[in-house]
Amino acid sequence: MSGSASAYPDIAVLLPCYNEAATIGDVVRDFRTALPQARIFVYDNNSTDGTALTAMLAGATVVRERRQGKGHVVRRMFCDIDADIYVMADGDGTYAPQDAEELVRTLITERADMVVGTRRGVHDDAGRQGHAFGNRLFNTLYRLLFGNDFTDILSGYRAFSRRYVKSFPAVSGGFEIETEMSVHASRLKLPVCELELDYGRRPEGSHSKLSTFEDGARILWMFAMLMKETRPFAFFGLISAGLMGMSLGFMAPVLYEFFTTGLVSRMPTWIAAMALMMMSFLSFTAALILDSVARSRAEQLRIHYMNLPALKRPDSEQKPVNTPAAAAKSATPSKRTSKAA
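From a predicted model like this one, the values you see are computed outputs, not experimental measurements.

Calculation criteria
Residues numbered from 1 in each chain as written. Predicted model: local features only at pLDDT ≥ 70, side-chain atom pairs only at ≥ 80, totals over all residues. Heavy atoms only, no water. Helix = DSSP H or I, 4+ residues; strand = E, 2+ residues; numbered from the N terminus. Buried < 20%, exposed > 50% of the residue type's maximum accessible area, 1.4 Å probe, protein only. Areas by Shrake-Rupley, 256 points an atom, 1.4 Å probe, with all protein chains shown as cover. Contact = heavy atoms within 4.5 Å. Salt bridge = Lys/Arg side-chain N within 4 Å of Asp/Glu carboxyl O. pLDDT = per-residue confidence, 0-100. Patch = residues over 30% accessible without salt bridge, like charges linked within 9 Å, V, L, I, M, F, W, Y side chains within 5 Å. Axes fitted to C-alpha atoms, helices over the stretch in contact; angles between N-to-C directions. Parallel < 35°, antiparallel > 145°, perpendicular 65-115°, else oblique. Left-handed = near helix turned anticlockwise from the far one by under 90°. Core = buried A, V, L, I, M, F, W, Y, C linked by side-chain atoms within 4.5 Å. Phe/Tyr/Trp six-rings, centres within 6.5 Å; stacked < 30°, edge-to-face > 60°. Lys NZ or Arg CZ within 6 Å of the ring centre and 35° of its normal. Polar contact = N/O pair within 3.5 Å; in protein donor to acceptor, adjacent residues only side chain to side chain.

For the protein chain, the helix and strand inventory stands at 11 helices and 8 strands. For the protein chain, with 341 residues in total, the buried portion stands at 46%. Surface exposure of the protein chain reaches about 17100 Å², of which carbon and sulfur atoms provide 59%.

Here it is in structure tokens:
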């Protein structure tokens, strides 16, 4: 990966943190070892356990984000920091900093805009059975709604190009930010890759900030909102079909009575059926109009993305330096899947 200093890409390591004093020091030091030329930023999200001081003493640049929630932190990081390549991980020590070099290498060699470090074995042990079930549910739901581009949409270990970061209109406030990142790549059909990596356990004294039900409900709500924004024809088409079905259900006995007796004795039922039918037609009309609007918005996002400079690969004449870390990585093959989202 190493070439001349001027040819080496500017890498920023982004670590959103909330009460991770037990682990953040080691995480920062390990990233400094894995990516010695990278700048390391820790964004402290109102921690009360000394996370900011620990990160600062370990050599990171610390910034405070007072709006609570990972989505707010990621939005702030992407706005504040300019770099060629961004590596985002958690500060809890569950992601190995030693894998960051391979994430960056894959981003460059595959000419991708995002590389996702999928978590090996996360479905077998995600800390709690509720989390494991949620991972399976959300990944399956994503594939049904948005395509087969990703197998682990909730992974927090990712590498991004500058093009991706500066074209990503983050609106999420919490842990649903990873879902929004994945949908953004699928929506614009960006080149993405997945790299299967080991997923560690939190050390003793470190606790997960995830709430199984609250954060799960927020992610489900984000699925609905993103479907409404990116696939309005399917979203409002389903609503239209549901209203149509209800209308026909109310209408059937009234029509049966009319054709057999010539009378309509249940006039309120008939009125309700016609009202539902009108609402179904309105929903279908909205689906057609909003689908055109969504396509126009996607085209505008794509044009903005294309106007951003692409990541330049090192010249073919520049030979990579055989560092011990690079040699170890080359000796241990990783499972890598390249996809165009």
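Below, the discussion takes up helix α1 (residues 24-34). Taken together, the buried positions of α1 are occupied by I24, G25, V27, V28, F31 and A34. Residues of α1 that are buried in the fold lie against β1 (11-17), β2 (39-44), α2 (51-57), β4 (85-88) and α4 (100-109).

Let us look at the pattern of salt bridges. A complete count under the given rule lists 18 salt bridges for this structure. With a shortest N-O distance of 3.1 Å, D90 and K70 are connected by a salt bridge. Highlighted residues: D90 in the loop between β4 and α4 and K70 in helix α3 (residues 70-80), separated in sequence by 20 residues. Each member of the pair, D90 as well as K70, carries the same accessibility label: buried. Look at the salt bridges and you will find they share partners, linking E65, R76 and D80 into a network.

Burial runs high along α4: 8 of the 10 residues are buried. Along α4, the positions that sit buried rather than exposed are A100, E101, E102, L103, V104, T106, L107 and I108. Once α4 ends, the next one or two residues include R111, with phi positive near 50°.

When the pLDDT values of the protein chain are averaged, the result is 85; 83% of them are 70 or greater. Taken as a whole, residues 316-324 scores under 50 in pLDDT and shows 9 contacts with residues more than four places along the chain or in a different chain. Within the model, the stretch residues 327-336 combines pLDDT values under 50 with 13 contacts to residues more than four positions away or in other chains.

A cluster of nonpolar residues, F233, F284, L288, I289, L290 and V293, forms a patch on the protein surface that exposes about 500 Å² of accessible area. For the nonpolar patch, the element with the most residues is helix α10 (residues 267-307), which contributes 5 residues. For V293, the position within the fold is in helix α10. A relative accessible area of 40% means that V293 is categorised as partly exposed.

Within the secondary structure, V87 sits in strand β4. Non-local contacts of V87, meaning those with residues more than four positions away in its chain, are made with I11, A12, V13, L14, F31, L35, A100, V104, Y157, R158 and A159.

Okay, the packing of helix α9 (residues 232-261) against α10 next. Packing of α9 against α10 brings their axes to within 8 Å, and their N-to-C directions diverge by 165°. When the axes of α9 and α10 are compared, the pair comes out roughly antiparallel. Seen along the crossing, α9 lies across α10 with a hand that is left-handed.

What follows covers the environment of L57. Examined against the element boundaries, L57 turns out to sit in helix α2. Judged by relative accessible area, L57 falls into the exposed class, the value being 71%. In the structure, L57 is positioned 32 residues away from G25 in sequence and 7.7 Å away in space, judged by C-alpha atoms.

So, on to the nonpolar core. Formed by 45 residues in total, the largest nonpolar core has its most connected members in L14, F160 and M181. Formed by 32 residues, the second largest nonpolar core is a distinct cluster that contains Y8, V27, A58 and L103.

With that settled, the discussion passes to the packing of aromatic side chains. If you walk through the whole model with that rule in mind, you get 15 aromatic pairs. Ring centres 6.1 Å apart and planes at 70° place the aromatic pair F78 and F168 in the edge-to-face group. Residue F78 is found in helix α3, and its partner F168 is found in the loop between α6 (162-167) and α7 (177-188); the two are separated by 90 residues along the sequence. Across this residue pair, the class does not change: F78 and F168 are buried. Every member of this aromatic cluster is reached through a ring pair, and the members are F78, Y86, F160, Y164 and F168. It is R119 that lies over the ring of Y199; its NZ or CZ is 5.4 Å from the centre. Between R163 and the ring centre of Y305, over which it is positioned, the NZ or CZ distance is 4.7 Å.

Turning to the side chain of S186, a few remarks are in order. With respect to the helices and strands, S186 occurs in helix α7. At 2.9 Å, the side chain of S186 forms a polar contact with the side chain of D149.

With phi around 55°, N19 is a residue other than glycine that occupies positive phi space. Mapping N19 onto the fold places it in the loop between β1 and α1. A positive phi is found at K189, a non-glycine position, where the angle reads about 55°. As for its position among the elements, K189 is in the loop between α7 and β7 (191-198).

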